[in-house]
2 protein chains.
Amino acid sequence: MKYSSCFAKTSKTAPADADSANAKFLIQAGFVDQTMAGVYTWLPFGLAVLRKVEQIVREEMNALGALEIFMPSLHPKEFWEATNRWDNVDILFKIHSQTDKDYALGASHEEVVTPLAKKFIESYKNLPFATYQINTKFRDELRAKSGVLRGREFRMKDMYSFHTSQEDLSTFYQKTLEAYVRAYSRCGLNVKVVEASGGIFTKNPSHEFQALTDAGEDTILACSTCEFGQNIEVATVKEGDACPKCGGVISTVKGIEVGNIFDLGTKYSDAFDLNFTDESGERKKVLMGCYGIGTSRLVGAIVEACHDDRGMIWPKSVAPFQVHLVTLNSKDDVVKEQIEGTASDLVRDLEAQGVEVLWDDREDVSPGAKFADADLIGAPLRVIISEKSLKEESVEWKERSSSESRLIKVTDVIADVIEFVK
Amino acid sequence: MKYSSCFAKTSKTAPADADSANAKFLIQAGFVDQTMAGVYTWLPFGLAVLRKVEQIVREEMNALGALEIFMPSLHPKEFWEATNRWDNVDILFKIHSQTDKDYALGASHEEVVTPLAKKFIESYKNLPFATYQINTKFRDELRAKSGVLRGREFRMKDMYSFHTSQEDLSTFYQKTLEAYVRAYSRCGLNVKVVEASGGIFTKNPSHEFQALTDAGEDTILACSTCEFGQNIEVATVKEGDACPKCGGVISTVKGIEVGNIFDLGTKYSDAFDLNFTDESGERKKVLMGCYGIGTSRLVGAIVEACHDDRGMIWPKSVAPFQVHLVTLNSKDDVVKEQIEGTASDLVRDLEAQGVEVLWDDREDVSPGAKFADADLIGAPLRVIISEKSLKEESVEWKERSSSESRLIKVTDVIADVIEFVK
């Protein structure tokens, strides 16, 4: 893709009111636009990252055997009254319609998925199952902050599971916990699993997932070897202790919560009278779990964990594109044509191999400004084609995560890039 | 995929209150669930169809050079006041937040995209461009009806284009019109292009796209050869006339509106003071177009156009899966194992070739009930493996759109299916 054909470009200056690295860089790089406090448009590059993150999460949920659905955001008031949350969840947006009906705007979807599941659950033969969606959530936060980390409207993957026994629920819960760790790892994050309270969802045990970054809001005591962690407020281990799980060393770190899972027990089954007939013909309550990952928040957490002073440093798995190709102008028309021809061939050949390339083809922008934009945008690999490099029949190769650059023969570029993006 | 592993199954009976074929079949087949009037959950098979429709639309928009973005559903009141639509669009959902702010819930996105575009448009060098999203829309309809055809919450692709001149806008408008016709055709619909009024969007010319089906709400005079059509209320042609475009024969038909496009002129540029500097340095208003396809409505229109008494008949391009594999039980354990082995191999080999297969592996369901479900679900091809067919070393092959079935040798099935789904 040619950068000249993308309307959403970088800004010369960072937004004045950015309160976090993700807000600063995502906005300045043209990845998101702030419509108002806590509400964003995902622009082409930002949407590309969000899609990749969501696809990784989707693949991990599918691997659990969960089926994807898509639930509505308009919820009947009665469903939220049934769970006693209409009046008790202060972040719930409420709407009064011209047909005189009251709706809640989906802040979470237990109130929709439980009555839905009830339509398909008759006996133990219909259980267990899990279903999930990736959708927009709405929460009437008193204070939106930290860019896409805490918005009033955000993206979330929420999965719900239904079981006949605590044992079956616990087994699935554990499998999901492991799938979460895999998903975060695939997104390039170092995540610790921390025991947590159930908040507005349940009084049963729950876990939250903390992405380690100095910008984190939460302080946790975490093992430096395995994924064990404890929130400092309830920690039973202290710095320097041996990890109770693997024997590694416990240290104090900062984290951003990027997901949580809850053993819901029968809280929602009780509210909606969700029962099944067991093998002996007895009617029993269905046990439920719920499992959330804020996917847009996850994008923000990746930026918090992966950036430097100059901009973002995307992990290859979620970068909007792998290669940022920069061509430098030449005053010599023949050389200029040679540079453009080399770039054009390279883009064609790389794209044919499935490599995503952004080509900064702008003619009225200085090399320094192009390099600054490449650093800000943060693609894993920058390839420069210039009069100077072509004299050596080469391109300049610079990885975003490294300060060094080197010349690579034009004839080697395709193979080297394919090796790099693997 | 095994049908036994899908929680959202068919119902024995159609919903009592279904007012349309799409409501009846989509709900009975377990493709959607009605949360409340005009509000639906898309269940796994329904979501598969919706995704395919949206991907076709996405590809056609990308081919126009439009870039995909994702805009929020919470809109600041001030933006809708700026266009004078806060008080004048009666289907606008309004929300009052606990922070004492008023929001509109996205019924359309001119109010978000125009201020967004303004941040990136300085001069003629930034123009033209087009951008689109595929997102949920909310409209406070007085009366929701006809299943997913008119909901209060629905899916839509909305594209917006920005131009320096009427000529440039008109050229892009015409290209989009042609892309729409291609998109509908790829979805298996016969669509006519009808001149329309601009409704709440503009007083400039606009076109709507009518999918031909006897269940249509609108009466149009349409050419039987080309895509020409006129709404009967404003028609200048009559039945039997020669088509003014191609000379074909005009006849009276029924249609469902499945999209519309608008030349917005400077309506929104005026409201938000969206200007550009032209080549002579003069500041001018940007010209805009907007282009909508209700993608969930499109799924409903496909059902209206493609069904019979027994259920849906999905066009191959948007079917949730191409092959509905039915295995029939045998009381003989050896034969039963043979049937399951053949089915299992077939599923594995077809999926390896990228063919999507639903395997109705249920053991406690009669052949008649399985066939009825296959007809209801409407996959293009039904393949039956039974004791009887295996005696002939064959499977039974029946296309949903045909009443005939025939035996095909097991060894030929893969090649024949791959030829069929091409």
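Preceding this paragraph is the structure being described.
This structure is a prediction, so every number in the text was calculated from the model and none was measured.

Draft legend 1. Local environment of the environment of B:Gly147. All names here are of chain B. Structurally, Gly147 can be placed in the loop between β7 (129–138) and β8 (153–163). The exposure class assigned to Gly147 is buried, which follows from the 28 C-beta atoms found within 10 Å. Spatially, the C-alpha atom of Gly147 lies 24 Å from that of His109, the residues being 38 residues apart in sequence. Not counting residues within four places of it along the chain, the set of residues in contact with Gly147 comprises Ser20, Asn22, Ala23, Leu26 and Gly300.

Draft legend 2. Looking closely at the interface of chain A and chain B. Counting residues at the interface gives 44 residues for chain A and 44 residues for chain B. Of all the secondary structure elements, the ones that give two or more residues to the side of chain A that touches chain B are β1 (32–36), β2 (39–42), α2 (44–63), β3 (67–68), β4 (74–76), β5 (93–96), α4 (110–118) and β7 (129–138) of chain A. Of the residues assigned to the side of chain A that touches chain B, the class counts are 25 nonpolar, 11 polar and eight charged.

Draft legend 3. A look at the relation of the copies chain A and chain B. Rotating chain A by 180° about the axis while translating it 0.0 Å along that axis superimposes it on chain B, leaving an RMSD of 0.0 Å. Between the two chains, the operation in question is that of a two-fold axis. Relative to the rotation axis, the closest C-alpha in chain A is found at A:Ile95, a distance of 2.8 Å. The overlap is high: 100% of the interface residues of chain A also sit at the interface in chain B, so the same surface is used on both sides.

Draft legend 4. A look at the packing of helix α2 (residues 44–63) of chain B against helix α7 (residues 295–305) of chain B. Residues and elements named next belong to chain B. Where α2 contacts α7, the axes come no closer than 9 Å and their chain directions differ by 115°. It follows from the interaxial angle that α2 and α7 lie roughly perpendicular. Like other packed secondary-structure pairs, α2 and α7 cross with a definite hand, here right-handed. Residues Val49, Leu50, Val53, Glu54 and Val57 of α2 touch α7, and the partners they reach there are Thr295, Ser296, Leu298 and Val299. Residues of the contact of α2 with α7, tallied by class, amount to six nonpolar, two polar and one charged.

Cut-offs used in this document
- Residues numbered from 1 in each chain as written.
- Chains lettered and ligands numbered in written order.
- Predicted model: local features only at pLDDT ≥ 70, side-chain atom pairs only at ≥ 80, totals over all residues.
- Helix = DSSP H or I, 4+ residues; strand = E, 2+ residues; numbered from the N terminus.
- Buried ≥ 20, exposed ≤ 12 C-beta atoms within 10 Å, placed from the backbone.
- Contact = placed C-beta atoms within 7 Å.
- Nonpolar A, V, L, I, M, F, W, Y, C, P; charged D, E, K, R; others polar.
- Least-squares fit on C-alpha atoms with pLDDT ≥ 70 in both.
- Axes fitted to C-alpha atoms, helices over the stretch in contact; angles between N-to-C directions.
- Parallel < 35°, antiparallel > 145°, perpendicular 65-115°, else oblique.
- Left-handed = near helix turned anticlockwise from the far one by under 90°.

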